[in-house]
Structures are given as structure tokens and as C-alpha cells.
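Residues per chain, in single letters:
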Amino acid sequence: MKDLFERYEVEHLPRKAARSAADDRGMWQNIILPRLGSKKISEVTPSDIDALHAHISSTTPVRANRTVEVLRKAFNLAIRWGIRSDNPASGVRRSPEEKRSRYLTPAEILKLGEALSAHREKTSANAIRLLMLTGARRNEVLHARWDMFDLDKGVWVKPSAHTKQRKEHRVPLSAPATQLLAEIAADANATNSKQKASPSPYVFPGRPGKPITDIKRTWLTVCKSAGLTQRIEKRTKDGQVVKTAKGKPILVWQPTVRVNDLRHTYASILASHGLSLPIIGALLGHTQAQTTTRYAHLYDDPLRAATERVAAVVTSKGQAEIVPLRRSEHG
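Residues numbered from 1 in each chain as written. Predicted model: local features only at pLDDT ≥ 70, side-chain atom pairs only at ≥ 80, totals over all residues. Heavy atoms only, no water.

*Asks:* Looking at this structure, how should I read the environment of Arg-166?
*Replies:* Within the element layout of this structure, Arg-166 appears in the loop between β2 (155-158) and β3 (169-172). For the pair Arg-166 and Lys-16, spaced 150 residues apart in sequence, the C-alpha separation works out to 9.3 Å. Setting aside chain neighbours within four positions, we find Arg-166 in contact with Lys-16, Ala-17, Ala-18, Ser-160 and Ala-161. (Helix = DSSP H or I, 4+ residues; strand = E, 2+ residues; numbered from the N terminus. Contact = heavy atoms within 4.5 Å.)

Right under this line is the structure:
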């Protein structure tokens, strides 16, 4: 299985987005190899996969499903490579998953905006602002380069290498998003001029020649300031509760909103204002229509408003007077 991982890492992971590849690699190194690494590929049975899934499901059921998906892909590749003829990861009964649909309310958006304005670390705070204004994916924003933007026209062209769907995505920018980027550019130019430094190609620079890679600390801080956190038990990577020397669980702060929920919130605002699913999908960079249908239920308010308009006309100032047609009027 260690050999299978090595080939999987060399031949398959480079085809995935960087974040997805890193996630796969983490599952191999932290979950799969510790339990199955010493087994021969031909010796792994469906019972082994079921047992692994059950073990992970006891603490992190969604992670258990993702691990099995990685193994299913790996064994499909093993079949393709002629290493074995069947897939022991097929047919595993998945743990139930509840789709998270967390949308920030207008009041929460306001509080988050105020927390971002007050945050001392401007680079990561501005990255979160751009996420809120564009609905873009986290890595699309963090890896954004200045040559992707035309601020005069208000357009962001994301190259295929930066998008999840591996296709170029051209998206218009709102006036506030364009203004934010212009202010970031002006501040960067002023700083570089003062320090006589070379400009970074990245909108949100981190180490020299690199973009910032993580906004978790800033996200936790601003969520805490905005009242969007809760105390939970600290856990290890395999889901075990971390305790003090006296045996008491260690509590840590956790945001009640994920960074990815900013993208869902962006889409929900569009839907609640009556924008069509194709338009929402185009702005989010969805290549498949069914990906956008998760927001269909948000059309209740605009649809209700539309039907109320019809009702107002039909009832003539609230009095329901629907006169049936005579037989001759039916044709």
C-alpha cells in the first residue's frame, strides 16, 4: 500500500488542485498508511475498508467518507495499472452527511465587516473582504495575481490553473471590489516606493515571491470579534479529545461560520434578489447546472413577492373577484 501511495502521489495528485492534492496526501499519511501501509495491495479486503471506515466514523463521519473516496480512486487506478482486478473500496456504506447551508444574515455581515476594518493585519483582512465581495473560492483569492485584473474595466480573469473546474473564468467585479483592489494597489505602491522594494506579483503577498497561504488566524480573530464563535473541545487529528493533566477537556474557540460560507452567502444574496441560477452559476464559476441548484430554495422570497403582485391585480385592491368565463368565451 505504501507503493500504491507513492504512485498515486506521482501520477494522480498533480492532476488535482493544490488544496485537494494536499488533503488527499494528508488522508494517506495520517489515516490510511498507519492502518494499511504494511499490507500488500492484493491482500486488502472489503472488510479492511469497512473497518477503517467504521473507525474514522466514530469521531469524524464525513472524513471517513472522504477517506473511502480516496481509496476507491486509488484502487481504480490499481486496476488500470494491472496491479489487482477488483476494488475492495466499492460498496462501502457511507456515513450520513448533512449538507451545511450557513448563510450570514445582514447583521452578521455588518459585524464581520466592522471586525475586518478594525483588524490590524490588513493583508489577510483584505483577502477576506474580497472573498465577501466576489464569492470566489479561498485559493482563487489568496493566489490572485495583479495581471489577472483589469481594474479599468472591472474584470477578473482567473486562469484555468487557478480554478477548481480547470477552465478560465472571467467574472465582472462590483464597484466596491474594484475600489478595494485599487486601494490595495495604491498602498502596495506607496510601501514599495518608500522601502525601495520590488513590487510583488501577488495581490496578497506573503513571504518574498509568494502569496499568503493561510487566513485561519485572522478568520478566528474577526469571527470572535463579530460574535461568530463558540467554545468546543480540542481534538487530535484522529478525533480524540485533548485533556489537561487533571483529565479535563481543553476548550478552544471555533468559528460558527466557515470561510467557504462567505461564498454561499454571496450566492444566497443573489438568489434572494431574484437572479437566475445560470447567472449565479456563471458568477461562481460552476460548470454543471446541478451544482447551483443547492440555492434554488432561496427563491421563495422573490417568488412570493412576484405572486403577491399578481394577487394584488387579480383581487383589485384586496377584493377577490375572479369571474369565471362563459362557455362561449372558452371557444
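*Asks:* Explanation requested: the pattern of salt bridges in the structure shown.
*Replies:* Should the charged atoms of two oppositely charged side chains come close, the side chains can pair. Across all of its chains, the model carries 15 salt bridges by this definition. Residues Glu-11 and Arg-7 are paired through a salt bridge, measuring 2.8 Å at the closest nitrogen-oxygen approach. Taken together, the residues span about one helical turn, with Glu-11 and Arg-7 both in helix α1 (residues 2-11) at a distance of four residues. Assessed through its relative accessible area of 36%, Glu-11 is described here as partly exposed. A residue is classified by how much of its surface remains accessible, and Arg-7, at 33% relative accessible area, is partly exposed. Across the pair Asp-24 and Lys-16 runs a salt bridge whose closest N-O atoms are separated by 2.8 Å. For Lys-16, a relative accessible area of 26% puts it in the partly exposed group. (Salt bridge = Lys/Arg side-chain N within 4 Å of Asp/Glu carboxyl O. Buried < 20%, exposed > 50% of the residue type's maximum accessible area, 1.4 Å probe, protein only.)

*Asks:* Sorry if this is basic, but what is going on with unusual backbone geometry here?
*Replies:* Both trends apply: most residues other than glycine have a negative phi, and most peptide bonds are in trans. Here Lys-196, not a glycine, exhibits a phi torsion of approximately 55°, which is positive. Relative to the helices and strands, Lys-196 is located in the loop between α8 (175-195) and α9 (216-225). Residue classification places Lys-196 among the exposed positions, given a relative accessible area of 78%.

*Asks:* Looking at this structure, how should I read the packing of aromatic side chains?
*Replies:* For any pair of aromatic rings, geometry is given as the distance between the ring centres together with the angle between the planes. For the coordinates displayed, the defined rule picks out four aromatic pairs. Seen in terms of ring centroids, Phe-5 and Trp-28 are 5.2 Å apart; in terms of plane orientation they differ by 35°. Their pairing is tilted. Residue Phe-5 is found in helix α1, and its partner Trp-28 is found in helix α2 (residues 18-36); the two are separated by 23 residues along the sequence. The pair formed by Phe-5 and Trp-28 is uniform in burial state, with each residue classed as buried. (Phe/Tyr/Trp six-rings, centres within 6.5 Å; stacked < 30°, edge-to-face > 60°.)

*Asks:* What is the right way to read the sheet that holds β3 from this model?
*Replies:* Neighbouring strands of a sheet are bound in pairs by backbone hydrogen bonds; such pairs are parallel or else antiparallel. Taken in spatial order, the three strands of this open sheet run β1-β2-β3, and their pairing is antiparallel. For this open sheet the edge positions go to β1 (149-150) and β3, each flanked by a neighbour on one side alone. Taken together, the two bridges between β1 and β2 define a ladder with antiparallel strand orientation. Bridge pairing links Phe-149 to Trp-156 in β2. (Pairing = 2+ DSSP bridges.)

*Asks:* Just to check I follow, could you spell out the nonpolar core for this structure?
*Replies:* The tendency in soluble globular proteins is for nonpolar side chains to be buried as a group. In this structure, Leu-112, Val-141, Phe-149, Trp-156, Phe-204 and Trp-219 are the most contacted members of the largest nonpolar core, which totals 43 residues. Contributing elements (two or more residues each) for this core: α5 (106-118), α6 (122-134), α7 (138-142), α8, α9, α10 (260-272) and α11 (277-284). Counting 28 residues, the second largest nonpolar core, distinct from the first, contains Ile-32, Leu-33, Leu-36 and Ile-56. (Core = buried A, V, L, I, M, F, W, Y, C linked by side-chain atoms within 4.5 Å.)

*Asks:* Help me out: how do you make sense of α6 in this one?
*Replies:* Residues lying three or four places apart along an α-helix face the same way, a consequence of the helix completing one turn every 3.6 residues. Taking 1.5 Å as the rise per residue, α6 with 13 residues should run 18 Å; its terminal C-alpha atoms sit 18 Å apart, in good agreement. Those residues of α6 that fall on the buried side of the exposure criterion are Ser-124, Ala-125, Asn-126, Ala-127, Ile-128, Leu-130, Leu-131 and Thr-134. Next to the buried residues of α6 lie α5, α7, β2, α8, α9 and α10. Phi turns positive one or two residues past the end of α6, at Gly-135, with a value near 70°. (Expected span 1.5 Å × (residues − 1).)

*Asks:* Whenever I open this one, the side chain of Thr-67 confuses me. Can you help?
*Replies:* Within the secondary structure, Thr-67 is located in helix α4 (residues 61-80). Under the relative-accessibility criterion, Thr-67 is labelled buried at 1%. Among the polar contacts listed, one links the side chain of Thr-67 to the backbone oxygen of Arg-63, at a separation of 2.9 Å. What Thr-67 contacts, discounting residues up to four positions off in sequence, is Met-27, Ile-31, Ile-32, Leu-52 and Ile-56. (Polar contact = N/O pair within 3.5 Å; in protein donor to acceptor, adjacent residues only side chain to side chain.)

All quantities given are derived from atomic positions and should not be read as evidence of function.
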